[in-house]
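What the coordinates show
Now for the letters of each chain:
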Amino acid sequence: MALGIENIASYIPEKRISNYDRKALFDIDDDFIENRIGVKFVAVKDDTEETSDLCFKAFENLKLKTALDIEQIDALVVVSQNPDSNIPHVSGVLHGRLDLPETCASFDISLGCSGYVYGLSIIQSFMKENGLKRGLLFTADPYSKVVSPDDKNTSLLFGDAASVTLVSDTPLYRTGKFSFGTIGKQSQELRCENGKLFMNGRAIFNFAAKGVPKDIIKIIAENGLEIADIDKFVFHQGSKYIIDTIGARLKVSPDKIAYDIYDYGNTISSSIPIILEKEMEVPTNNKMVISGFGVGLSWASTVLMK
Amino acid sequence: MSINADSIKGMIRDSAAGINVDVIKDDEPLSEHGLDSLGIMNLFLYIEENHGIAIPDDDIDRLQSINDIVAYINQKS
């Protein structure tokens with residue numbers, strides 16, 4: 001049974017914080033906003049919205065795109081490190097909200113920016129092992145819960161969003177071999193402390209610039225392909241500078257590298273599926289590389305193939 | 001092997017740090033020519049990789065000019 005991605009939908013809250021309004025506060029200019037970090041506005045959820053609410057709204061958008069029969073969903077997985085609460089898990093709350101059948105398995109995965117790619121592998125493996133045919137993979141990690149407004153390293157960058165991917169036995173894209181990795185000795189470089197996010201920007205940049213290009217080259221080769229065979233590269237949208245650096249190190253033409261976060265920011269595990277939702281509509285995108293990297297420090301990559 | 005100012009200028013060009021190295025005097029602060037925090041990360045990663053040295057954050061704060069970087073690398077290598 002070949003499982004893969006049948007459809008994707010996302011939800012980005014309407015509320016925005018403008019980085020142009022914070023130029024004096026952080027001593028930055030338009031060039032830094034537009035060409036360096038590449039985030040003009042960050043999306044922020046309402047105070048009343050919870051993580052499960054963001055997922056629910058992404059699911060509502062999925063229903064608009066597909067003739068989805070709720071009764072046929074056999075697995076529900078949520079990737080998040082900022083749940084509604086510690087207990088219960090978000091997937092349990094969401095299962096009830098969506099009125100899914102009691103036979104539907106539900107669990108959460110605690111990962112950050114690598115979470116979507118990890119999640120694809122996990123949900124597909126779980127479904128295959130248990131003979132399941134339709135699963136929902138959600139991502140929602142609203143960092144507005146943990147970002148300090150006066151922290152230049154994080155508040156200009158991170159936005160709130162959610163996504164849902166319908167994984168089924170009638171896929172538009174199937175996944176190739178995956179690559180995973182962790183540098184746990186550097187896990188403290190991106191962490192929450194007393195409820196507030198801390199990021200060592202230089203350490204994260206060095207990790208991404210040194211590790212991701214090597215991993216991309218490796219996973220393309222392990223799937224029997226060459227860089228020239230890839231129609232689109234969809235990297236976790238860490239920042240424009242990180243994406244540009246990875247692209248330059250891979251010597252890939254910029255028009256093959258997706259970049260899309262000017263209007264809403266780095267949405268952690270949702271950044272890849274939000275872009276995939278658009279890129280999977282492009283008929284010429286037969287083979288796409290996806291790669292997530294960040295908290296952990298961890299990374300995961302694979303190739304999507306029609 | 002010791003390095004000189006021209007070597008560092010070459011690295012600034014190759015690292016795509018985002019500044020025009022041809023108009024910078026060796027003793028001028030690079031920040032005055034537009035080297036921002038992201039350009040600094042890229043430049044010093046490039047230097048670390050090419051010279052096999054680790055440059056701690058605290059040291060980077062002191063490396064303001066091309067002359068500063070030349071002296072630092074020659075002392076570390």
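Values in this document were obtained by computation on a predicted structure and should not be read as measured data. (Residues numbered from 1 in each chain as written. Chains lettered and ligands numbered in written order. Predicted model: local features only at pLDDT ≥ 70, side-chain atom pairs only at ≥ 80, totals over all residues.)

Check the secondary structure of chain B and you find four helices and zero strands. When the helices and strands of chain B are listed from N to C terminus, the series reads α-α-α-α. Burial analysis of chain B (77 residues in total) assigns 25% to the buried set. Excluding contacts between residues fewer than 6 apart, the proportion of contacts in chain B whose partners are at least 24 apart in sequence is 56%. (Helix = DSSP H or I, 4+ residues; strand = E, 2+ residues; numbered from the N terminus. Buried ≥ 20, exposed ≤ 12 C-beta atoms within 10 Å, placed from the backbone. Contact = placed C-beta atoms within 7 Å.)

What follows deals with unusual backbone geometry. Residue and element names in this part refer to chain A. The omega torsion of the bond from Ile87 to Pro88 falls at 5 degrees, within 30 degrees of zero and hence cis. For Pro88, the location among the structural elements is in the loop between β4 (75-79) and α4 (90-98). Between Gly296 and Leu297 the backbone carries a cis peptide bond, its omega angle lying at -15 degrees. Residue position: Leu297 is located in the loop between β12 (287-294) and β13 (298-305). Phi angles above zero are rare outside glycine, and Asp99 is one such case at about 55 degrees. Among the structural elements, Asp99 can be located in the loop between α4 and β5 (105-109).

This part is about helix α8 (residues 240-250) of chain A. Within the sequence span of α8(A), burial applies to A:Tyr241, A:Ile242, A:Ile243, A:Thr245, A:Ile246 and A:Leu250. Contact partners of the buried residues in α8(A): α2 (30-37), α7 (201-222) and β11 (232-235) of chain A together with α2 (37-51) of chain B. Positive backbone phi, at 60 degrees, marks A:Lys251, one or two positions downstream of α8(A).

Residues and elements named next belong to chain A. Domain parsing of chain A yields domain 1 (4-168) and domain 2 (174-305). Here the C-alpha centroids of domain 1 and domain 2 sit 17 Å apart. Tallying the contact residues gives 45 residues for domain 1 and 44 residues for domain 2. Going through the elements one at a time, β1 (4-11), α2, β3 (41-43), α5 (115-130), β6 (134-140), α6 (152-155) and β7 (162-168) are the ones with two or more residues in the side of domain 1 that touches domain 2. A total of seven residues in the side of domain 1 that touches domain 2 trace back to one element, the largest contributor, which is α5. Split into classes, the residues belonging to the side of domain 1 that touches domain 2 amount to 24 nonpolar, 17 polar and four charged. (Domains from an automatic or database assignment. Nonpolar A, V, L, I, M, F, W, Y, C, P; charged D, E, K, R; others polar.)

Quick look at the pairing of β6(A) now. Residues and elements named next belong to chain A. Most of β6 is tucked away: seven of the seven residues are buried. Here β6 shows a buried face lined by Arg134, Leu136, Phe138 and Ala140 and a second buried face lined by Gly135, Leu137 and Thr139. In this structure, β4 lies alongside β6, joined through five bridges in parallel fashion. Counterpart to Val79 in the pairing with β6 is Thr139. Pairing analysis gives seven bridges linking β6 to β7, with the strands arranged antiparallel. Residue pairing in the sheet places Phe138 in a bridge with Val164 of β7. (Pairing = 2+ DSSP bridges.)

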